[in-house]
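Chain by chain, the residues:
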Amino acid sequence: MRAWRAAATGALALLVLAGCATGPSLENQGEVTAPPGDSRHLTIGSAGFTESDLLAQMYALLLEEAGYSTKILSVTNREIYEPALENGQIDVVPEYAATFADWLNAKANGPEAPTVGSPDLATTMTALRGLATPRGLTVLDPGRAVDQNAFAVTSAYATEHGLKTLSDLGAANLPVRLAAGDECVQRPYCAPGLRETYGIDITGVDPKGVGTTPAKQAVQSGQDQMVLTTSTDGTLDEFGLVLLADDKNLQNADYIVPVVNRSRAGSEGVTKALGRLNTVLTTADLAAMNEQVDSWRRLPEGVARSYLQEKKLIPAG
């Protein structure tokens, strides 16, 4: 049986230890070159938001089906869970390729280091694996599901102006007020990139956050014309919003990848078990599951189990 909850004292101890840990020395390659480990009792980390919870639950169910026992631990701060992953206090986490590559790069080379994440998946994965391996981490293969920054307008606005892509919006020469986070003013993937890559006339940024309810309501009401959200946002229909395709690949390749501690979970058994998800999971699937949790108030475990059963990756019942 899966131990779904770590004892409160145990979780607290892990967080304290992880916060103080530094992981394997980059000069000591012993942990990197040793044979991959195959612990039969694995701790799966979740970053504490809906999508991460869903992925952690699916990882747990797939690993259980392969004969492992698992528990899930929610750690909302990457500054804490990544060192815990290096130390083997957490064995597996779902991550986002470009974001995690840039995070590890900043950790290794300083916050001003040039970004290594790229719109090209192969380039991103090469950079990510190069940064992860010396830390005793193995990055498994990505599937088709990607959760990256995305931009949405109302379906009525899209229909009125014939919009399906961000290029369409740029060509329409419409003034666009964008609901997003404060950082959008300067971030290259946001307002500057929309102007430079797509020629969109961003007249201002309404600082209501990324994909928040107030941001979506501002677009729904016509106060703003577009909102920054994510490609797996499961609540767009509630606000009458549709995504515009990033047809010139402004956004980096934030494909979902499992990251494992090599010395505990780098085995072929773990790789095969988690790799089965890559055969089915799509961005649309993940958005639909997010909607079931966020809008329909279903529990992540139940949604994850139903999905894997529907895809025949675990038995029904």
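Definitions and cut-offs
- Residues numbered from 1 in each chain as written.
- Predicted model: local features only at pLDDT ≥ 70, side-chain atom pairs only at ≥ 80, totals over all residues.
- Heavy atoms only, no water.
- Helix = DSSP H or I, 4+ residues; strand = E, 2+ residues; numbered from the N terminus.
- Buried < 20%, exposed > 50% of the residue type's maximum accessible area, 1.4 Å probe, protein only.
- Contact = heavy atoms within 4.5 Å.
- Areas by Shrake-Rupley, 256 points an atom, 1.4 Å probe, with all protein chains shown as cover.
- Pairing = 2+ DSSP bridges.
- Right-handed = clockwise from strand over helix to strand, strands pointing away.
- Arc of directions from axis to C-beta.
- Axes fitted to C-alpha atoms, helices over the stretch in contact; angles between N-to-C directions.
- Salt bridge = Lys/Arg side-chain N within 4 Å of Asp/Glu carboxyl O.
- Phe/Tyr/Trp six-rings, centres within 6.5 Å; stacked < 30°, edge-to-face > 60°.
- Lys NZ or Arg CZ within 6 Å of the ring centre and 35° of its normal.
- Parallel < 35°, antiparallel > 145°, perpendicular 65-115°, else oblique.
- Core = buried A, V, L, I, M, F, W, Y, C linked by side-chain atoms within 4.5 Å.
- Left-handed = near helix turned anticlockwise from the far one by under 90°.
- Nonpolar A, V, L, I, M, F, W, Y, C, P; charged D, E, K, R; others polar.

Caption draft 1: Local environment of the overall build of the chain. Helix and strand counts for the chain stand at 14 helices and 10 strands. Out of the 317 residues in the chain, the part that is buried amounts to 51%. Long-range pairs, those at least 24 residues apart, make up 77% of the contacts in the chain between residues at least 6 apart in sequence. Summed over its atoms, the accessible surface of the chain is roughly 14100 Å², and 53% of this surface lies on carbon and sulfur atoms.

Caption draft 2: Inspection of the pairing of strand 1 (residues 41-46) at higher detail. Counting buried positions along strand 1 gives 5 out of 6 residues, so the element sits mostly inside the fold. As defined by bridge partners, strand 1 adjoins strand 2 (residues 69-74) across 6 bridges and the pair is classed as parallel. Considered in strand 2, the bridge of Ser46 is made with Ser74. Chirality of the crossover, the property in question, places the unit of strand 1, helix 3 (residues 50-65) and strand 2 among those that are right-handed.

Caption draft 3: Fine view of helix 12 (residues 268-275). Among the residues making up helix 12, those that are buried are Val270, Ala273 and Leu274. Down the axis of helix 12, the sector holding all buried residues measures 90°, keeping them to one side. Of the residues in helix 12, the exposed ones pointing more than 90 degrees away from the buried face are Glu268 and Lys272. On its buried side, helix 12 packs onto strand 1, helix 3, strand 3 (92-96), strand 10 (256-261) and helix 11 (262-265).

Caption draft 4: Geometry of the sheet that holds strand 5 (residues 149-154). On the basis of which strands lie adjacent, the open sheet formed by 5 strands has the order 7-6-8-5-9 and mixed pairing. Of all the strands in the sheet, just strand 7 (201-207) and strand 9 (241-244) have a single pairing partner and so form its edges. Here the average twist between neighbouring strands, direction ignored, is 40°. Seen against the sheet, helix 9 (residues 191-198) touches strand 5, strand 6 (175-180), strand 7 and strand 8 (226-230) and runs at an angle of roughly 165° to strand 7. Strands strand 5, strand 6, strand 7, strand 8 and strand 9 of the sheet are contacted by helix 10 (residues 213-220), whose axis makes an angle of about 145° with strand 8.

Caption draft 5: Main features of the pattern of salt bridges. Applying the stated rule across the entire model yields 13 salt bridges. For Asp206, the salt bridge is made with Lys208, and the minimal N-O distance between the two is 2.8 Å. Owing to a relative accessible area of 5%, Asp206 belongs among the buried residues under this scheme. Given a relative accessible area of 26%, Lys208 falls into the partly exposed group.

Caption draft 6: Fine view of the packing of aromatic side chains. Under the criterion given, the structure shown has 1 aromatic pair. Centre to centre, the rings of Phe100 and Trp103 are 6.4 Å apart; their planes meet at 10°, and the pair counts as stacked. Note that Phe100 and Trp103 are positioned in helix 5 (residues 97-109) at a spacing of 3 residues, about one turn of the helix. Considered together, Phe100 and Trp103 belong to a single accessibility category, that of buried residues. The ring of Tyr68 carries the charged tip of Arg40 above its face, separated from the ring centre by 3.9 Å.

Caption draft 7: Broad picture of the packing of helix 4 (residues 78-87) against helix 5. Between helix 4 and helix 5, the least distance of the axes is 12 Å, while the angle of their chain directions is 85°. By the angle class used here, helix 4 and helix 5 are roughly perpendicular. Contacts from Arg78, Glu79, Glu82, Pro83 and Glu86 in helix 4 reach Thr99, Phe100, Trp103, Leu104 and Lys107 in helix 5.

Caption draft 8: Structural view of the nonpolar core. Core analysis: the largest hydrophobic core is formed by 35 residues, its most contacted members being Met58, Leu277 and Leu308. The element contributing the most residues to this core is helix 3, with 9 residues. In this structure, Leu308 is in contact with Met58, Leu61, Leu62, Leu277, Leu313 and Ile314, ignoring residues within four places of it in sequence. Counting 24 residues, the second largest nonpolar core, distinct from the first, contains Phe151, Tyr157, Val176 and Met226.

Caption draft 9: Main features of the packing of helix 3 against helix 12. At a minimum axis separation of 9 Å, helix 3 and helix 12 run at an interaxial angle of 125°. By the angle class used here, helix 3 and helix 12 are oblique. Where helix 3 crosses over helix 12, the handedness of that crossing is right-handed. On helix 12, the residues touching Tyr59, Leu62 and Leu63 of helix 3 are Val270, Ala273 and Leu274. The residue makeup of the contact of helix 3 with helix 12, split by class, is 6 nonpolar, no polar and no charged.

Nothing here speaks to function; it is all geometry.
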